[in-house]
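# Summary of structural features
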Amino acid sequence: MITCFLKYEIDPAKVGDFEIYAKAWIHNINRMGGTHHGYWLPSEGPSDLAWCAFSFPSLAAYEAYRVEMETDPACIAAYDHSARTKCIRRWDRHFTRPVLQGESPADLGLM
């Protein structure tokens, strides 16, 4: 599994526009074979930062999604919305490998 973690700098006056963008991408990623883990929007603290994470079963599946999204009408509409509203100032994309199950400290040799 590969997980893409994004950090966004957004316009604090346009959080509502960014939320529309976020909801569209949750739908798009899930529809296109990924698992979207959600968006985290400003609440307390900095008002211009947001995050999201989504996963695909493999790097090959992610790359297939990237090709498909280029011509997908719903993906294009989401990108157009962000460009039109200028709700996103910049973003950083990171690829990670999730650890999703815990083990006891004794089983890990820590005790």
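All of the points below concern the structure found in this document. (Residues numbered from 1 in each chain as written. Predicted model: local features only at pLDDT ≥ 70, side-chain atom pairs only at ≥ 80, totals over all residues. Heavy atoms only, no water.)

### Concerning the packing of helix H1 (residues 15-31) against helix H3 (residues 73-85)
- Packing of H1 against H3 leaves a shortest axis separation of 10 Å and a crossing angle of 165°. Comparing their axes, H3 and H1 come out roughly antiparallel. In the packing of H1 onto H3, the handedness of the crossing is left-handed. Residues Asp 17, Ile 20, Tyr 21, Ala 24, Trp 25, Asn 28 and Arg 31 of H1 pack against Ala 74, Cys 75, Ala 78, Tyr 79, His 81, Ser 82 and Thr 85 of H3.
- Across the contact of H1 with H3, the residue classes tally to 8 nonpolar, 4 polar and 2 charged. (Axes fitted to C-alpha atoms, helices over the stretch in contact; angles between N-to-C directions. Helix = DSSP H or I, 4+ residues; strand = E, 2+ residues; numbered from the N terminus. Parallel < 35°, antiparallel > 145°, perpendicular 65-115°, else oblique. Left-handed = near helix turned anticlockwise from the far one by under 90°. Contact = heavy atoms within 4.5 Å. Nonpolar A, V, L, I, M, F, W, Y, C, P; charged D, E, K, R; others polar.)

### Looking at unusual backbone geometry
- Unusually for a residue other than glycine, Lys 86 sits at a positive phi of about 55°.
- Structurally, the position occupied by Lys 86 is in the loop between H3 and strand E4 (88-96).

### Remarks on H1
- Between its first and last C-alpha atoms H1 spans 24 Å; for 17 residues at 1.5 Å apiece the expected length is 24 Å, and the two agree.
- Taken together, the buried positions of H1 are occupied by Phe 18, Tyr 21, Ala 22, Trp 25, Asn 28 and Ile 29. Buried residues in H1, looked at end-on, bunch into an arc of 130°, giving them a common side. Counted as exposed and oriented over 90 degrees from the buried face of H1: Ile 20 and Lys 23.
- Looking at the buried positions of H1, the neighbouring elements they touch are strand E1 (2-10), strand E2 (35-40), strand E3 (49-56), helix H2 (59-69), H3 and E4.
- Immediately downstream of H1, the backbone of Gly 33 shows phi near 100°, a positive value. (Expected span 1.5 Å × (residues − 1). Buried < 20%, exposed > 50% of the residue type's maximum accessible area, 1.4 Å probe, protein only. Arc of directions from axis to C-beta.)

### Remarks on the pattern of salt bridges
- Per the counting criterion, the structure on display carries 5 salt bridges.
- Arg 89 is the partner of Glu 9 in a salt bridge, and the nearest nitrogen-oxygen pair spans 3.9 Å. With a gap of 80 residues between them, Glu 9 in strand E1 and Arg 89 in strand E4 connect regions that are remote in the sequence.
- Overall, Arg 89 belongs to the partly exposed group, its relative accessible area being 47%.
- Between Arg 90 and Asp 92 there is a salt bridge, with its nearest N and O atoms 3.1 Å apart.
- Given the relative accessible area of 43%, Arg 90 is considered partly exposed. (Salt bridge = Lys/Arg side-chain N within 4 Å of Asp/Glu carboxyl O.)

So yeah, pure geometry; function would need other evidence.
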